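Breakdown of the fold
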Amino acid sequence: MQIEGKRVLITGASRGLGRALVAAFVDAGASEVIAGLRKREDREALMADRVTPVRLDVTSDRDVEALGQLAALDILVNNAGVAGFGNPLTMDFATAQEEIAVNYFGVLRVTRAVAPGMIAHRDGMIVNVATAFAKVNLPIVGTYCATKAALLSLGQAMRAYLAEHNVRVITVMPTTID
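The text that follows walks through the structure, step by step, so that each part is easy to find. Since the structure is predicted, the reported quantities are computational estimates derived from the model, not experimental observations. (Residues numbered from 1 in each chain as written. Predicted model: local features only at pLDDT ≥ 70, side-chain atom pairs only at ≥ 80, totals over all residues. Heavy atoms only, no water.)

Here's the deal with the layout of surface pockets
Going by this rule: A 1.4 Å probe that fits but cannot get out identifies a cavity on a 1 Å grid over protein atoms alone, an open set with protein on both sides within 12 Å along at least five of seven lines counts as a pocket, and a residue lines either if it has an atom within 4 Å of a point. Grid points are joined across faces, edges and corners, and a volume is the space filled by probe spheres set on the points. Counting from the N terminus, the helices are the DSSP runs of H or I reaching at least four residues and the strands are the DSSP runs of E reaching at least two. All amino acids are sorted into three groups, where Ala, Val, Leu, Ile, Met, Phe, Trp, Tyr, Cys and Pro are nonpolar, Asp, Glu, Lys and Arg are charged, and the leftover types, Gly among them, are polar.
There is about 1,000 Å³ of room inside the largest pocket. In terms of lining residues, the largest pocket is bounded by 37 residues, among which Arg-15, Asn-79, Gly-81, Val-82 and Tyr-144 are the most central. Elements with a minimum of two residues in the lining of the largest pocket: helix H1 (16-27), strand S2 (32-37), helix H3 (93-121) and helix H4 (142-162). For the lining of the largest pocket, the leading source of residues is H1, giving three residues. Looking at the lining of the largest pocket, its residues break down into 18 nonpolar, 11 polar and eight charged.

Rendered as structure tokens:
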């Protein structure tokens, strides 16, 4: 897909891969990169030409509903994610709940908010960031891997339903990222 002139939303843009993606889309010529951030203090780090920082906690109905006020987007990168560590049988249950809330339901929630605009324009790209461990579980982050496996499956379903509207869905599965 051509990036130049496109409007892009990146969730989880405050650090790591998300922040790098913001810079990469700007460098590739995107007309606007909307950087979804949970924390107000991260806003300053992303203030740049063609970057619009917005408050976006993907677990918040209010934050996600606000996306409906945006003009149609061309590209959505579902990058927000959290990972808990430890034995799935003994780790804090709230950590596992947060992982599924962010890594799976957050993607579904944001995609539901953004996809109608893409469908209306009969064009768009949705990129879900999973992990290679969605296919082969790494036990130290077993519940995280499970949520990303669910995301991989969700991406397949979204691809099937959105294909007729010329909205492409891909799931990328990186391993460790520097």
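What to know about the sheet that holds S2
The criterion, for reference: Here, any two strands with at least 2 DSSP bridges between them count as paired. Here, axes are lines fitted to C-alpha atoms. For helices the fit covers the stretch in contact, and angles between N-to-C directions go from 0 to 180 degrees. Only heavy atoms enter the contact rule, under which two residues are in contact if any of them lie within 4.5 Å.
Taken together, the six strands give an open sheet; going across it, the order is S3-S2-S1-S4-S5-S6, and neighbouring strands pair in parallel fashion. The sheet is open, and its two edges are formed by strand S3 (51-55) and strand S6 (167-172), each paired on a single side. Sheet twist, expressed as the mean angle between neighbouring strand axes with direction ignored, is 15°. Two strands pair when backbone bridges link them, and strand S1 (residues 7-10) and strand S4 (residues 75-78) are joined in this way by three bridges, in the parallel orientation. Residue pairing in the sheet places Val-8 in a bridge with Ile-75 of S4. Along the sheet face, H1 touches S1, S2, S3, S4 and strand S5 (124-129) and points at about 170° away from the line of S1. Where H4 meets the sheet, its contacts fall on S5 and S6, and the angle it forms with S6 comes to roughly 165°.

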